[in-house]
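Residues per chain are reported as follows:
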Amino acid sequence: MAVLGAVLIWGLSYIVMKSTTAEYPQLLFQFWRYVAVSLVYLAIFHRSLRAMPGRIWRMGLVGLGLANFVLGFFSIYAVQLTTPTRVVVINSFIIGVVPLLRWVYDRCKPTRQEKVAIVIAIAAIALLIGPQEQGLNLGDGLAFIGMIGYAYSIVLTHRLLAEERATVSQVSFLGIAGCTLFFAAAAAVYAIFNKEAAALSALTSQPETLAGIAYMVVFVSLAANLLQVHGQRRLPPITVSILFCLEPAVTAALDYALLGNKPSFRVLLCGLLLIVATLTAAIPLKSSRPRKEATLDR
């Protein structure tokens, strides 16, 4: 339920990013968003953060931070060049990338139940992304690169929780703080060539952009991030990636509810298949033995 709550929030996030960055630089939008949420995390979880050993700091700030930066950087530009629905559809390819990364790093093979769910989810994604009138474009390519970072963040989050025994608040903060450092470096380079656009007054003069940053901070970077990490304490990475495949269906539903864009029959069928894939992975079979990595409840 925690992961599904995160999926619901993220289903709206790309619509917010697309509409609130029409007149403000996308890179700076992400920079201010991550700066704000890092300060909030420091204020709330400072005692827990002081207890972390150095190896967890390095793994989180560099590894998880870079993965989140790749997702945030390329996705914010991708959503301007294509539709939010197509971005989240491409993000759903984590269903194939996450098991590959798990096998490469940990030699962990998916169970038979997960394999069935993966096949159903991939069929749903292929159905939704099938032949399009405009074909593949630059936005699709940027979204694909962001998806690679997405998949790495799921795998690294699991390793921090399972192997390093980091807490939910620690992992959430490290991913955000590391991402902030990378965005700060990118924003500094941007400011050298675009001083007027990088001025703080350019941000404060756009209330819609400020509202978008506030939404991303409170609901996405805080609520959704904590929900995802909390959910990964009880679920293996492959199951989490399957649950994230519900995001295209959620985005399509919100697109219809908020913007009046009625989903096509293919979108509806894709959503039903993704729900079937989720149930296949999430509902344990009576004959299945729980794997040690499946839960991290403590």
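Residues numbered from 1 in each chain as written. Predicted model: local features only at pLDDT ≥ 70, side-chain atom pairs only at ≥ 80, totals over all residues. Heavy atoms only, no water.

Colleague: Sorry, what's going on with the overall build of the chain here?
Modeller: Scanning the chain for helices and strands turns up 14 helices and zero strands. Across the 298 residues in the chain, those meeting the buried criterion constitute 51%. In the chain, the share of contacts with a sequence separation of at least 24, taken over all contacts with a separation of at least 6, comes to 91%. Of the roughly 14000 Å² of accessible surface on the chain, 69% is carried by carbon and sulfur atoms. (Helix = DSSP H or I, 4+ residues; strand = E, 2+ residues; numbered from the N terminus. Buried < 20%, exposed > 50% of the residue type's maximum accessible area, 1.4 Å probe, protein only. Contact = heavy atoms within 4.5 Å. Areas by Shrake-Rupley, 256 points an atom, 1.4 Å probe, with all protein chains shown as cover.)

Colleague: Looking at this structure, how should I read the pattern of salt bridges?
Modeller: Where side chains of opposite charge bring their charged atoms close, a pairing between them can arise. If you walk through the whole model with that rule in mind, you get two salt bridges. Put simply, Arg55 and Glu164 hold a salt bridge, and the shortest N to O gap is 2.8 Å. Pair noted here: Arg55 is in helix α3 (residues 54–81) and Glu164 is in the loop between α7 (138–162) and α8 (168–193), with a separation of 109 residues, a long-range link. Here Arg159 ties to Glu163 by a salt bridge, and the two come within 3.8 Å at their closest N and O atoms. A relative accessible area of 45% places Glu163 in the partly exposed class. (Salt bridge = Lys/Arg side-chain N within 4 Å of Asp/Glu carboxyl O.)

Colleague: Sorry if this is basic, but what is going on with the environment of Asp255 here?
Modeller: Tracing the backbone through its elements, the reader meets Asp255 in helix α13 (residues 247–259). For Asp255, a relative accessible area of 16% puts it in the buried group. Along the primary structure Asp255 and Gly11 are separated by 244 residues, whereas in three dimensions their C-alpha atoms are 9.2 Å apart.

Colleague: So what exactly am I meant to see when it comes to the packing of aromatic side chains here?
Modeller: Between two aromatic rings, the relevant description is the distance of the centres plus the angle of the planes. Here the structure, examined in full by the defined rule, presents 11 aromatic pairs. Their ring planes at 45° and their centres at 6.4 Å tell us that Tyr41 and Phe173 sit as a pair that is tilted. You can see Tyr41 sitting in helix α2 (residues 26–50) and its partner Phe173 sitting in helix α8, a full 132 residues away along the chain. Centre to centre, the rings of Phe69 and Phe183 are 4.8 Å apart; their planes meet at 70°, and the pair counts as edge-to-face. (Phe/Tyr/Trp six-rings, centres within 6.5 Å; stacked < 30°, edge-to-face > 60°.)

Colleague: Please explain the packing of α8 against helix α11 (residues 207–232) as it appears in this structure.
Modeller: Packed helices, taken two at a time, are described by the angle between their axes plus the distance between the axes. One can describe the packing of α8 onto α11 by two numbers: an axis separation of 9 Å at closest approach and a directional angle of 125°. Considered as vectors, α8 and α11 are oriented oblique to each other. Where α8 crosses over α11, the two elements pack in a sense that is right-handed. Between α8 and α11, the residues in contact are Val168, Val171, Ser172 and Ile176 and Ser221, Asn225, Leu226, Val229 and His230, respectively. Tallied by class, the residues present in the contact of α8 with α11 amount to five nonpolar, four polar and no charged. (Axes fitted to C-alpha atoms, helices over the stretch in contact; angles between N-to-C directions. Parallel < 35°, antiparallel > 145°, perpendicular 65-115°, else oblique. Left-handed = near helix turned anticlockwise from the far one by under 90°. Nonpolar A, V, L, I, M, F, W, Y, C, P; charged D, E, K, R; others polar.)

Colleague: I tried to follow α11 on my own but got confused; where do I start?
Modeller: Structurally, the α-helix is built with 3.6 residues per turn, so residues lying three or four positions apart point the same way. Here α11 is 26 residues long and its end C-alpha atoms lie 35 Å apart, about the 38 Å a rise of 1.5 Å per residue gives. The largest bend along α11 reaches roughly 30° and is located at Met216. (Expected span 1.5 Å × (residues − 1). Bend = angle between axes of the 7 residues up to and from the residue.)

Colleague: So what exactly am I meant to see when it comes to the confidence of the model for the chain here?
Modeller: When pLDDT is averaged across the chain, the result is 80; 88% of the residues are at 70 or more. Within the chain, the element-level pLDDT minimum falls on helix α12 (residues 237–244), averaging 70, and the maximum on α8, averaging 92. (pLDDT = per-residue confidence, 0-100.)

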